[in-house]
Amino acid sequence: MTVAPDRPLTNEITDILVTHCGLDADAAARTPAASLEELGMDSLALLELSAVVADRWRVKIPEQAGQLSIAGVADLVARKADPPGHTENAVDIAAPLPLVWEITNDVARWTELFTEYAVAEILHSDGDTVRFRLTMHPDENGTSWSWVSERTADPATREVRARRVETGPFEYMRIYWRYDEIPGGTRMTWVQDFAMKPTAPVDNAGMTERINNNSKVQLAVIKDKIERAYAGGAR
């Protein structure tokens, strides 16, 4: 479990940002959940923060730290060995790329593609960008987890970028899908970058393991369904 940093450490990170990085202390106090990027911290400010933190605590601040809140940075320093999560999983599907692209980007039908979703509700569409709500099947405690995400597909590059709008236990969650033609079919790759909130019931390492395990299951299911559809005449 992630242990929330004590206030003195959060205050110390804030002092570093104010003294060395030009942070507006009043803005930080008004919006404590804002990310460093939202507080106006640019790449140079983050480099300065990284240098001070490395010198003071011997902790390396990752490049994605700009997406963390001040409390999130303090939590990272407190844990010392739990950097933001990153996963990458891929599957080779014996079906042409246009078919794989069409099926996997039909969000409204994800309940037929994934085994974990009970509801996929489209909230808003604008060109290749869609905002939607996913609701999972109830877990062992009877809880149905639900959240809103936004997803933009680029048919020209065969890439998809998404993020959680309602982040829940995550500080942030960024998702990237890539499709590549390979001999005999299509390789679909999923990349996820994220960090857990200090109050989350699992830390970054624990969530990385969960996502890796579940991605392998879901990719295998998707591979089987698309290959069956292609063999049945889908084009």
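The structure this text deals with has already been given above.
Quick caveat, the model's predicted, so the values are computed rather than measured.

## Side note on the layout of surface pockets
In this model, the largest pocket occupies a volume close to 1200 Å³. Together, 38 residues line the largest pocket, and Glu116, Met136, Trp147, Arg164 and Phe170 are the ones closest to its centre. Among the secondary structure elements, those contributing two or more residues to the lining of the largest pocket are β3 (129-136), β4 (146-154), β5 (159-164), β6 (170-182), β7 (185-196) and α7 (204-231). In terms of residue count, the dominant contributor to the lining of the largest pocket is α7 (6 residues).

## Points about the sheet that holds β5
Strands sit in the order β1-β7-β6-β5-β4-β3-β2 across an open sheet of 7 strands; the sheet is antiparallel. Unpaired on one side and paired on the other, β1 (85-93) and β2 (117-126) mark the two borders of the sheet. Across the sheet, the mean angle separating the axes of adjacent strands is 20° when strand polarity is ignored. Where β6 lies against β7, 12 bridges are found, and the strand directions are antiparallel. Note that in β7 the partner of Trp177 across the bridge is Trp190. Where helix α5 (residues 97-104) meets the sheet, its contacts fall on β1, β4, β5, β6 and β7, and the angle it forms with β6 comes to roughly 155°. Of the strands in this sheet, β1, β6 and β7 are in contact with α7, which crosses β1 at around 15°.

Definitions and limits used
- Residues numbered from 1 in each chain as written.
- Predicted model: local features only at pLDDT ≥ 70, side-chain atom pairs only at ≥ 80, totals over all residues.
- Heavy atoms only, no water.
- 1 Å grid on protein atoms, 1.4 Å probe; cavity = no way out; pocket = protein on both sides within 12 Å on 5 of 7 lines; lining within 4 Å.
- Points joined across faces, edges and corners; volume = space filled by probe spheres on them.
- Helix = DSSP H or I, 4+ residues; strand = E, 2+ residues; numbered from the N terminus.
- Pairing = 2+ DSSP bridges.
- Axes fitted to C-alpha atoms, helices over the stretch in contact; angles between N-to-C directions.
- Contact = heavy atoms within 4.5 Å.

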